[in-house]
Amino acid sequence: MESPLTTLITDSKRYLKCYHHYLKHSTNQQTMQEFTNNLLPDIMTKTVNGKSNLNVIGVGSGSGELDLQMFSALHRKYPEMTVDNEVIEPNPQQLRCYRDLVSQTQGLDYIRFNWNKMTAEEFEEQWKEKKRTDKADLIHMFQVLYYVKDLGATISFFQSLLNKNGQLLITLSAGNIGVVKMRNAYKNQLGTTEVNRSTGDIRRFLDSKGVSYQSYDLPTQIDITKCFIEGDKEGEMMIDFLTQVLDFSKTASPELKAGVMEFLRCPEFSVESNGKVLMNANYELIVLEQLP
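Residues numbered from 1 in each chain as written. Predicted model: local features only at pLDDT ≥ 70, side-chain atom pairs only at ≥ 80, totals over all residues. Heavy atoms only, no water.

What follows covers the pattern of salt bridges. A complete count under the given rule lists 15 salt bridges for this structure. With a shortest N-O distance of 3.2 Å, Asp137 and Lys51 are connected by a salt bridge. Placement of Asp137 in strand 4 (residues 136-142) and of Lys51 in the loop between helix 3 (45-48) and strand 1 (53-59) is noted, with a sequence separation of 86 residues between them. Where Glu86 meets Arg132, a salt bridge forms, and the shortest distance between an N and an O atom there is 3.2 Å. Of this pair, Glu86 sits in strand 2 (residues 82-88) while Arg132 sits in the loop between helix 6 (120-129) and strand 4, and the two are 46 residues apart along the sequence. Look at Arg132 and you get partly exposed, because its relative accessible area is 25%. Linked by salt bridges that have partners in common, Arg14, Asp240 and Asp247 make up one network. (Salt bridge = Lys/Arg side-chain N within 4 Å of Asp/Glu carboxyl O. Helix = DSSP H or I, 4+ residues; strand = E, 2+ residues; numbered from the N terminus. Buried < 20%, exposed > 50% of the residue type's maximum accessible area, 1.4 Å probe, protein only.)

Let us look at the pairing of strand 3 (residues 111-116). Pairing geometry for strand 2 and strand 3, over six bridges, is parallel. Counterpart to Asp84 in the pairing with strand 3 is Arg112. Crossover connection from strand 2 via helix 5 (residues 92-104) to parallel strand 3: handedness right-handed. (Pairing = 2+ DSSP bridges. Right-handed = clockwise from strand over helix to strand, strands pointing away.)

On to unusual backbone geometry, then. Even without being a glycine, Gln143 presents a positive backbone phi close to 60 degrees. Summarising the element assignment, Gln143 is placed in the loop between strand 4 and helix 7 (151-160). The phi torsion at Asp247 lies on the positive side, around 55 degrees, for a residue other than glycine. Here Asp247 is to be found in the loop between helix 11 (233-243) and helix 12 (248-251).

Below, the discussion takes up the side chain of Asn85. Mapped onto the fold, Asn85 is located in strand 2. At a separation of 3.2 Å, a polar atom in the side chain of Asn85 contacts the side chain of Tyr98. In contact with Asn85, other than residues within four places in its own chain, are Val56, Gly58, Asp67, Phe71, Tyr98, Ile111, Arg112, Phe113 and Asn114. (Polar contact = N/O pair within 3.5 Å; in protein donor to acceptor, adjacent residues only side chain to side chain. Contact = heavy atoms within 4.5 Å.)

Right, dumping it as structure tokens:
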């Protein structure tokens, strides 16, 4: 039976507001900053060594903060290296924020930006139409594979663009966290089957193809206390993002709301401390190399 609820992604402005509130109350940004500063330079050693220029494709780069953190970390370790950065971002507001961030940030003269307002699928279609043969040293897909139509085909295409020693970095929610299990438990009512992907789906695809990969845990928590305060606007927006349903608090049935809230507060996924409800929201990084 088709869900009568509306998926959050259909309202891009509301989606961004909800996403920003999610980030505000989570350790996501801290986790990714630690990743770019401490883990990324080591992961990239084989890719970067001996190169004077790095060809990068950023899929779903959003407003660019993470991209610039990543380039800054690499620049500190490899100050002579230049970067060609192909940005793929379908949301015009996010892309505008990224361009504004670049114009306001000093010391980026070592990076050349090429802006593409399009989805991953549209980029693939354009690439094939133009019969491009150039390769990338680094492709990153941070939190974007929830929204592509064909997970396996998208991964395979971008992996095929890797240069020798190139790497494809993918982050997605870990498969054992509360949000993923909640969406699975209520997928028919929520209508969020397509966006309820995790690294478990990626692992199953790669294992079925015999593709080798490395994985790294990225521990993250989110403070969902406000989600349990009736009428709290921030809490309602976080619930929208967690369920991926537009105006969940106003449109979901009382039974569905009660079930979702009970699930999120379950001790298996959340802890209560000092009056706060802190939920496990771990991510996982999967690293792929050029196919042999």
